[in-house]
Amino acid sequence: MGKIIALHSYKGGTGKTLLSINLASTYVKREKNICLLDLDFRAPSLQAAFKTNDAEYWLNDYLNGVCEIDKVLIDFTQKHGRSGRFLVGLANPTTEGIREMSAKDRKWEMRALGRLLSLKTSLLNDMDLDYVILDTSPGLQYSSINAIVSADIVLVVTSLDASDIQGTQRMTSELYDLFEKKTGILMNKVPAGILSSRKEREKFYKYFNNLHKLPILEAISCSCDVLRAGGTCIFAEEKPEHSFTKAVEKIATKIERF
Amino acid sequence: MTMYKRLEGKPTRILEKIKESLDRLNEKMDVMIEIQRHNRRENQAIPDVLDVMTLLSLPDHLRKTAVTLCKLGQATAEEIAEQTKRARAVESGYLNQLVLMGYLKKERRGRKAYFFVEKEAEG
């Protein structure tokens, strides 16, 4: 049976969306059937990366009970010429859509959790997908906690920022542990010098493994190419030899064994 | 005196009976204490919505039961116990506790008791 993976972080701008897209793309290249869902309803971003705004239904509609999940999913399999299926569900990026989602009450959030939990049956069982990847909003928000509860694996993306590290530690003990989730850390935007030699790399992994008390799945070097691309380039597809692509490939392999 | 004579010769059985009664009493006390504690903590919020924030505020043993029921939609204590790997009687106690707290609903169908978060029709 397939797995649901949620990418989460304490702070914004850690690279969740870029990693989600590239992780999905890497699995598709490995002939896995993938569904990537944008659960960041406050700042939707996948529509920009996939250069589309013409979704007939949004994930907002699915959670509102307006339609079933198959109506939301856009098939990018042929457009990108991949081997596995590549389905994407977008969040409504309009101001009206964002405002509507931020005004939901607790009862609605409770039902939204039920709808998210039922994705395990509809996507993994009925549609026979290998992985569902959830790109979430940062911090302790309803949509992100709902995603974490629904997921089998949580990947926490963190930078070397002190507040980010502290926040991640807090979330580990007060959120991921409480829901007994398999959790791994992705250290992103690590200055290249820190990871220059094998010895330095080992020291880095050991230090952060102890600090977070969770496995560090990968330390990804900060890259000017990634910043320059502005989130519009799917590295796993367009730049297969790039160090960022190689790092994502390692993450994909580690998750398969996780 | 007559009663003492009737029970004479069966001290172990009597002690066992007393222990069983005390255990049952303790379980009930635990439920009451937990409900009181929870009501105090939640007295300003709407108490009957089992959303993720409520799940976070529950004690570990009840959270496990509640999350499992959220995943199954509706279930008997036995079905919950299969998932959590805890005894059916334990899960039954936790589920009834969550019903008393107002987070779950319970419905008898024949000989079985089903627990659920919310019926679609009520939405």
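Given the structure is predicted, the values throughout are model-derived calculations rather than measurements.

1. A few points about the sheet that holds strand β5 (residues 131-136) of chain A
All names here are of chain A.
Item 1. Reading across from one edge, β3-β4-β2-β5-β1-β6-β7-β8 is the order of the eight strands in this open sheet, with mixed pairing throughout. Strand pairing shows two members of the sheet lacking a second neighbour, β3 (74-75) and β8 (216-221), which therefore form its edges.
Item 2. When strand β2 (residues 34-39) meets β5, the two strands line up parallel, connected through six bridges. By the bridge assignment, Cys35 is partnered in β5 with Val132.
Item 3. On the sheet, helix α9 (residues 162-176) packs against β1 (3-8), β6 (153-158) and β7 (182-190) and is oriented at approximately 160° with respect to β6.
Item 4. Together, β1, β5, β6, β7 and β8 form the strand contacts of helix α13 (residues 243-257), whose direction differs from that of β8 by roughly 175°.

2. Let's talk about the nonpolar core
Item 1. In this structure, Leu50 and Leu55 of chain B are the most contacted members of the largest nonpolar core, which totals 48 residues.
Item 2. Within the second largest apolar cluster, 40 residues are counted, among which are Phe86, Leu155, Ala229 and Ala247 of chain A.

3. A word on the environment of Asp51 of chain B
Item 1. Positionally, Asp51 of chain B belongs in the loop between α2 (11-41) and α3 (52-57).
Item 2. By relative accessible area, Asp51 of chain B is classed as buried at 1%.
Item 3. Separated by 47 residues in the primary sequence, Asp51 of chain B and Leu98 of chain B place their C-alpha atoms 13 Å from one another.
Item 4. Aside from chain neighbours lying at most four places away, what touches Asp51 of chain B is Arg106, Met110 and Tyr142 of chain A.

4. So, the pairing of β7 of chain A
Residues and elements named next belong to chain A.
Item 1. Most of β7 is tucked away, with seven of its nine residues classed as buried.
Item 2. As paired strands, β6 and β7 are joined by six bridges and run parallel to one another. Each residue of the ladder has a partner; that of Val156, found in β7, is Ile185.
Item 3. Chirality of the crossover, the property in question, places the unit of β6, α9 and β7 among those that are right-handed.
Item 4. Bridge analysis of β7 against β8 gives four bridges, and the strand direction is parallel. Following the sheet pairing, Leu186 is matched in β8 by Glu218.

Criteria and thresholds
- Residues numbered from 1 in each chain as written.
- Chains lettered and ligands numbered in written order.
- Predicted model: local features only at pLDDT ≥ 70, side-chain atom pairs only at ≥ 80, totals over all residues.
- Heavy atoms only, no water.
- Pairing = 2+ DSSP bridges.
- Helix = DSSP H or I, 4+ residues; strand = E, 2+ residues; numbered from the N terminus.
- Contact = heavy atoms within 4.5 Å.
- Axes fitted to C-alpha atoms, helices over the stretch in contact; angles between N-to-C directions.
- Core = buried A, V, L, I, M, F, W, Y, C linked by side-chain atoms within 4.5 Å.
- Buried < 20%, exposed > 50% of the residue type's maximum accessible area, 1.4 Å probe, protein only.
- Right-handed = clockwise from strand over helix to strand, strands pointing away.

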